[in-house]
Amino acid sequence: MRTIDLSPLYRSAIGFDRLASMIETGNKSNNQGYPPYNIEQFSEDEYRITLAVAGFDEPELEITSHQNTLLVKGTKQPQENSESKFLYQGIAERGFERKYQLADYVTVQAADLNNGLLHIDLKREVPEAMKPRSIAISGNKRLEE
């Protein structure tokens, strides 16, 4: 099994520190990295998770976002009436479940299945009340006694 250095993700993906931790933990699980995926950052607040889900149709995929957890689930029904006999079967035809822990205020914007790749667009939208604000400093005025 290969190890992946995720330290660049910690440095560059603002708001995804917990996600990077979960990915590292997930790499050590029994899932063995199926299905493979990428995490891209387009701007400070825009991200995309891309999963390679070749062989899955749209009805067989389910994306659920609840609180700070994103769950991607693929359910593949076995083909019972197949008369073919495989000499070698390298294409995985099994279901999967991937969980991603999202940072606060990260929401799913869209999902798209194209050419066997499932793209999930994420955006971090911090409410105005939570954003840092600049406070003007006035001159040194003393109260006269």
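Placed above this text is the structure.
For the structure given in this document, a descriptive report is provided here. What you see is a predicted model, and the numbers here were worked out from it, not measured in a lab.

Re the side chain of His119
So, step 1. Assignment of secondary structure puts His119 in strand β7 (residues 117–124).
So, step 2. A polar contact is formed between the side chain of His119 and the side chain of Thr50, at a distance of 3.1 Å.

Brief notes about the environment of Tyr105
So, step 1. Looking at the element boundaries, Tyr105 is found in the loop between β5 (96–101) and β6 (106–114).
So, step 2. When sequence neighbours within four positions are dropped, the list of residues in contact with Tyr105 reads Lys123, Arg124, Glu125, Val126, Pro127 and Met130.

Some words on the pattern of salt bridges
So, step 1. Considering all chains together, one arrives at two salt bridges under this definition.
So, step 2. Residue Arg48 pairs with Asp121 through a salt bridge whose shortest N-O separation is 2.7 Å. Of this pair, Arg48 sits in strand β2 (residues 46–52) while Asp121 sits in strand β7; the two residues are 73 residues apart in sequence, bridging distant segments of the chain.
So, step 3. The shortest N-O distance in the salt bridge between Lys76 and Glu60 comes to 3.4 Å. A residue pair is termed long-range when its members are at least 10 positions apart, and Lys76 in the loop between β4 (69–74) and β5 and Glu60 in the loop between β2 and β3 (61–66) qualify at 16 residues.
So, step 4. The class of Lys76 is partly exposed, set by a relative accessible area of 21%.

Comments concerning the sheet that holds β6
So, step 1. Spatially, four strands are ordered β1-β2-β7-β6 in an open sheet, and the strand pairing comes out antiparallel. Looking at which strands have only one partner, the edges of the open sheet turn out to be β1 (37–41) and β6. The mean inter-strand angle of the sheet, taken between neighbouring strand axes irrespective of direction, is 20°.
So, step 2. With seven bridges joining them, β2 and β7 adopt antiparallel strand pairing. Of the residues in β7, the one forming a bridge with Thr50 is His119.

Things to note about the nonpolar core
Where a protein is soluble and globular, its nonpolar side chains tend to be buried together.
So, step 1. Membership of the largest hydrophobic core comes to 18 residues, with the highest contact counts inside it found for Leu51, Leu70, Val72, Phe96, Ile120 and Leu122.
So, step 2. Those elements that provide at least two residues to this core are β2, β4, β5 and β7.

Some remarks on the sheet that holds β3
So, step 1. Within the open sheet, the three strands sit side by side as β3-β4-β5. Their pairing is antiparallel. Of all strands in the sheet, those bounded by a partner on one side alone are β3 and β5. Direction aside, the axes of adjacent strands within the sheet are offset by 15° on average.
So, step 2. Here β4 pairs with β5 via six bridges, running antiparallel. By the bridge assignment, Gly74 is partnered in β5 with Phe96.

A look at the pairing of β1
So, step 1. Bridging between β1 and β2 involves five bridges; their strand directions are antiparallel. Considered in β2, the bridge of Glu40 is made with Arg48.

Remarks on the packing of aromatic side chains
So, step 1. Applying the stated criterion across every chain yields a total of three aromatic pairs.
So, step 2. Where Phe56 meets Phe96, the ring centres are 5.3 Å apart and the plane angle is 85°; that geometry is what we call edge-to-face. In this pair, Phe56 sits in the loop between β2 and β3 while Phe96 sits in strand β5, placing the two residues 40 residues apart along the sequence. Taken as a pair, Phe56 and Phe96 share a single burial class, namely buried.
So, step 3. A network of ring pairs unites the aromatic residues Tyr34, Phe56 and Phe96 as a single cluster.
So, step 4. Stacked on the ring of Phe56, the Lys or Arg Lys76 has its end atom at 5.4 Å from the ring centre.
So, step 5. Of note, Arg94 hangs over the ring of Tyr34, and the distance from its end group to the ring centre comes to 4.0 Å.

Reading guide: rules and limits
- By convention here, each chain's residues receive numbers from 1 onward along its written sequence.
- Side-chain atom pairs in this predicted model are given and counted only at pLDDT of 80 or more, local residue features only at pLDDT of at least 70, and totals for whole chains, interfaces and linings cover all residues.
- Computation of side-chain values: all heavy atoms of the structure, hydrogens and water removed.
- Strands are runs of DSSP state E lasting at least two residues, helices are runs of H or I lasting at least four, and both sets are numbered from the N terminus onward.
- Here a polar contact is taken to be a pair of N or O atoms separated by no more than 3.5 Å, where protein atoms must pair a possible hydrogen donor with a possible acceptor and residues adjacent in sequence count only if both atoms sit in side chains.
- Should any heavy atoms of two residues lie within 4.5 Å, those residues are counted as being in contact.
- Definition used for salt bridges: Asp or Glu carboxyl oxygen within 4 Å of a side-chain nitrogen of Lys or Arg.
- For every residue, the accessible area obtained with a 1.4 Å probe (protein chains only) is divided by the maximum for its type, and the residue is called buried under 20%, exposed over 50%, and partly exposed between those limits.
- Any two strands are treated as partners once DSSP identifies two or more bridges connecting them.
- The axes are straight lines fitted to the C-alpha atoms, using for helices just the contacting stretch, and the angles between their N-to-C directions are given from 0 to 180°.
- We call a set of buried residues a nonpolar core when its members are Ala, Val, Leu, Ile, Met, Phe, Trp, Tyr or Cys and they connect through side-chain atoms within 4.5 Å of each other.
- Each Phe, Tyr or Trp ring (for Trp, its six-membered ring) is paired with any other whose centre lies within 6.5 Å, and the angle between the two planes then decides the class: stacked below 30 degrees, edge-to-face above 60, tilted in between.
- Only when the NZ of Lys or the CZ of Arg is both within 6 Å of the ring centre and within 35 degrees of the ring normal is a charge said to sit over the ring.

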